[in-house]
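Here is what each chain is made of, one letter per residue.
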Amino acid sequence: MHNNKMLNFQSGLVMNIDIVEKADHLQLLAIWEASVRATHDFLAEDDLQELKPLILEQYFDAVDLRCAKNGNGEIQGFCGVHDGNIEMLFISPDERGKGIGAMLASNAINEQGASKVDVNEQNEQALGFYQHIGFKVTGRSPVDGQGKAYPLLHMAL
(Lines give C-alpha, C1' and ligand atoms only; values in the text may rest on other atoms or scores of the structure.)
Protein backbone atom coordinates (compact mmCIF):
# COMPACT_ATOMS: atom_id res chain seq x y z
CA MET A 1 0.00 0.00 0.00
CA HIS A 2 1.54 3.26 -1.10
CA ASN A 3 0.17 6.74 -0.73
CA ASN A 4 2.43 8.03 -3.47
CA LYS A 5 2.24 11.72 -4.30
CA MET A 6 4.44 13.31 -6.91
CA LEU A 7 5.16 16.99 -6.58
CA ASN A 8 7.03 19.17 -9.04
CA PHE A 9 8.94 22.16 -7.78
CA GLN A 10 9.53 25.33 -9.77
CA SER A 11 13.18 24.28 -10.00
CA GLY A 12 12.11 21.18 -11.90
CA LEU A 13 12.94 18.97 -8.92
CA VAL A 14 10.60 15.98 -8.76
CA MET A 15 9.87 14.44 -5.37
CA ASN A 16 7.52 11.69 -4.30
CA ILE A 17 5.94 11.53 -0.85
CA ASP A 18 5.59 7.93 0.20
CA ILE A 19 4.73 5.86 3.25
CA VAL A 20 7.87 4.56 4.93
CA GLU A 21 8.51 0.83 5.01
CA LYS A 22 10.16 -0.82 8.03
CA ALA A 23 13.05 -1.79 5.71
CA ASP A 24 13.78 1.95 5.27
CA HIS A 25 14.35 2.62 8.99
CA LEU A 26 18.15 2.22 8.92
CA GLN A 27 18.37 4.67 6.02
CA LEU A 28 16.15 7.11 7.91
CA LEU A 29 18.40 6.78 10.95
CA ALA A 30 21.42 7.66 8.79
CA ILE A 31 19.59 10.75 7.47
CA TRP A 32 18.57 11.66 11.02
CA GLU A 33 22.15 11.44 12.28
CA ALA A 34 23.61 13.42 9.37
CA SER A 35 20.90 16.07 9.72
CA VAL A 36 21.31 16.36 13.49
CA ARG A 37 25.08 16.72 13.11
CA ALA A 38 24.52 19.50 10.54
CA THR A 39 21.88 21.44 12.49
CA HIS A 40 22.05 20.55 16.21
CA ASP A 41 25.57 21.66 17.11
CA PHE A 42 24.39 22.21 20.69
CA LEU A 43 23.65 18.48 21.18
CA ALA A 44 26.30 16.58 23.13
CA GLU A 45 27.75 13.50 21.39
CA ASP A 46 26.71 11.27 24.31
CA ASP A 47 23.12 12.49 24.00
CA LEU A 48 23.13 11.87 20.24
CA GLN A 49 24.45 8.31 20.74
CA GLU A 50 21.84 7.72 23.46
CA LEU A 51 19.05 8.81 21.09
CA LYS A 52 20.03 6.61 18.12
CA PRO A 53 18.71 3.26 19.43
CA LEU A 54 15.59 4.95 20.84
CA ILE A 55 14.79 6.43 17.45
CA LEU A 56 15.35 3.17 15.61
CA GLU A 57 13.65 0.86 18.13
CA GLN A 58 10.84 3.05 19.48
CA TYR A 59 10.30 6.47 17.95
CA PHE A 60 9.93 5.45 14.28
CA ASP A 61 7.22 2.96 15.24
CA ALA A 62 5.38 5.58 17.34
CA VAL A 63 4.71 7.98 14.45
CA ASP A 64 3.05 8.03 11.04
CA LEU A 65 6.18 8.23 8.87
CA ARG A 66 6.34 9.67 5.35
CA CYS A 67 9.42 10.18 3.25
CA ALA A 68 10.42 12.28 0.25
CA LYS A 69 12.07 10.33 -2.55
CA ASN A 70 13.79 11.78 -5.57
CA GLY A 71 13.15 10.60 -9.13
CA ASN A 72 15.57 7.70 -8.56
CA GLY A 73 13.62 6.50 -5.52
CA GLU A 74 16.30 7.65 -3.05
CA ILE A 75 15.02 8.95 0.28
CA GLN A 76 15.99 12.61 0.75
CA GLY A 77 14.11 13.35 3.97
CA PHE A 78 11.31 12.19 6.23
CA CYS A 79 8.60 13.39 8.58
CA GLY A 80 6.82 11.66 11.43
CA VAL A 81 3.48 12.80 12.86
CA HIS A 82 1.66 11.63 15.98
CA ASP A 83 -1.53 13.03 17.46
CA GLY A 84 -1.43 16.23 15.39
CA ASN A 85 2.21 16.92 16.26
CA ILE A 86 5.16 16.91 13.87
CA GLU A 87 7.48 14.76 15.98
CA MET A 88 10.34 14.56 13.50
CA LEU A 89 11.29 16.28 10.25
CA PHE A 90 14.79 15.65 8.94
CA ILE A 91 16.35 16.30 5.55
CA SER A 92 19.60 14.89 4.18
CA PRO A 93 22.16 17.71 4.65
CA ASP A 94 23.04 17.67 0.93
CA GLU A 95 19.39 18.26 0.04
CA ARG A 96 18.60 21.12 2.44
CA GLY A 97 17.31 24.37 0.99
CA LYS A 98 15.53 22.74 -1.95
CA GLY A 99 11.98 22.83 -0.55
CA ILE A 100 11.86 19.21 0.61
CA GLY A 101 11.21 20.18 4.25
CA ALA A 102 8.40 22.53 3.21
CA MET A 103 6.89 19.79 1.06
CA LEU A 104 7.01 17.25 3.91
CA ALA A 105 5.61 19.81 6.38
CA SER A 106 2.80 20.69 3.97
CA ASN A 107 1.98 17.00 3.58
CA ALA A 108 2.01 16.59 7.38
CA ILE A 109 -0.41 19.50 7.77
CA ASN A 110 -2.73 18.72 4.85
CA GLU A 111 -2.68 14.90 4.80
CA GLN A 112 -1.70 13.86 8.33
CA GLY A 113 -3.56 16.48 10.37
CA ALA A 114 -0.51 18.14 11.95
CA SER A 115 -0.97 21.55 13.56
CA LYS A 116 1.73 21.56 16.28
CA VAL A 117 5.47 21.07 16.58
CA ASP A 118 8.10 21.29 19.31
CA VAL A 119 11.44 22.81 18.29
CA ASN A 120 14.74 22.89 20.16
CA GLU A 121 15.11 26.53 21.18
CA GLN A 122 18.82 26.37 20.22
CA ASN A 123 17.98 25.22 16.68
CA GLU A 124 17.43 28.66 15.17
CA GLN A 125 17.21 27.29 11.61
CA ALA A 126 14.26 25.05 12.52
CA LEU A 127 12.58 27.83 14.45
CA GLY A 128 12.88 30.15 11.45
CA PHE A 129 11.64 27.41 9.09
CA TYR A 130 8.49 26.73 11.10
CA GLN A 131 7.79 30.45 11.58
CA HIS A 132 8.20 30.94 7.82
CA ILE A 133 5.52 28.32 7.07
CA GLY A 134 3.07 29.82 9.57
CA PHE A 135 3.75 28.33 13.01
CA LYS A 136 3.78 30.60 16.07
CA VAL A 137 5.44 29.99 19.44
CA THR A 138 2.78 29.13 22.04
CA GLY A 139 4.93 28.04 24.98
CA ARG A 140 8.30 26.85 26.24
CA SER A 141 9.67 23.92 28.25
CA PRO A 142 13.09 24.13 29.96
CA VAL A 143 13.88 20.49 29.09
CA ASP A 144 13.34 18.18 26.12
CA GLY A 145 11.28 14.98 25.99
CA GLN A 146 14.10 13.01 27.62
CA GLY A 147 14.38 15.50 30.49
CA LYS A 148 17.68 16.89 29.16
CA ALA A 149 18.54 20.58 29.43
CA TYR A 150 17.68 21.36 25.82
CA PRO A 151 14.76 23.85 26.01
CA LEU A 152 11.83 23.27 23.67
CA LEU A 153 9.59 25.86 22.06
CA HIS A 154 6.01 24.70 21.53
CA MET A 155 4.56 25.98 18.26
CA ALA A 156 1.15 25.80 16.60
CA LEU A 157 -0.52 26.98 13.41
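Residues numbered from 1 in each chain as written. Predicted model: local features only at pLDDT ≥ 70, side-chain atom pairs only at ≥ 80, totals over all residues. Heavy atoms only, no water.

In the annotation of an unreviewed UniProt entry, the protein chain is listed under the name Acetyltransferase and assigned to Rheinheimera aquimaris.

*Asks:* Explain the overall build of the protein chain to me, and be specific about the residues and the numbers.
*Replies:* Of regular secondary structure, the protein chain possesses four helices and eight strands. Relative to its length of 157 residues, the protein chain is compact, with a C-alpha radius of gyration of 15 Å against a globular reference of 15 Å. Dimensions along the principal axes, computed over C-alpha positions, put the protein chain at roughly 40 × 30 × 30 Å. The long-range fraction of contacts in the protein chain, counting pairs at least 24 apart against all pairs at least 6 apart in sequence, stands at 55%. For the protein chain, the exposed area adds up to about 8200 Å²; of that, 49% sits on carbon and sulfur atoms. Computed over 12 positive and 22 negative side-chain charges, the separation of the two mean positions in the protein chain equals 4 Å. (Helix = DSSP H or I, 4+ residues; strand = E, 2+ residues; numbered from the N terminus. Rg over C-alpha atoms; globule rule 2.2 N^0.38 Å. Contact = heavy atoms within 4.5 Å. Areas by Shrake-Rupley, 256 points an atom, 1.4 Å probe, with all protein chains shown as cover. Lys, Arg positive; Asp, Glu negative; His and termini not counted. Charge placed at Lys NZ, Arg CZ, Asp CG, Glu CD.)

*Asks:* So what's going on with the UniProt feature "domain: N-acetyltransferase" (unreviewed entry) in the protein chain? Residues and values would help.
*Replies:* Per the UniProt record, "domain: N-acetyltransferase" (unreviewed entry) is found at residues 15-157. Helix and strand shares over residues 15-157 are 36% and 29% respectively, and the end C-alpha atoms of the span are 25 Å apart. (UniProt positions renumbered as here; feature names shortened; annotations may be inferred.)

*Asks:* Any details on unusual backbone geometry? Residues and values, ideally.
*Replies:* Its identity is not glycine, yet Asp83 carries a phi of approximately 55°, on the positive side. Along the chain, Asp83 falls in the loop between β4 (75-82) and β5 (85-91).

*Asks:* If you had to explain the packing of aromatic side chains to someone new, which residues and values would you point to?
*Replies:* If you walk through the whole model with that rule in mind, you get six aromatic pairs. Considering the side-chain rings of Phe78 and Phe90, the 5.8 Å spacing of their centres and the 40° angle between planes classify their relative orientation as tilted. With Phe78 in strand β4 and Phe90 in strand β5, this residue pair connects regions lying twelve residues apart in the sequence. Of the residues examined, Phe90 reaches a relative accessible area of 13% and is grouped as buried. Put simply, the rings of Trp32, Phe60, Phe78 and Phe90 pair up and form one aromatic cluster. (Phe/Tyr/Trp six-rings, centres within 6.5 Å; stacked < 30°, edge-to-face > 60°. Buried < 20%, exposed > 50% of the residue type's maximum accessible area, 1.4 Å probe, protein only.)

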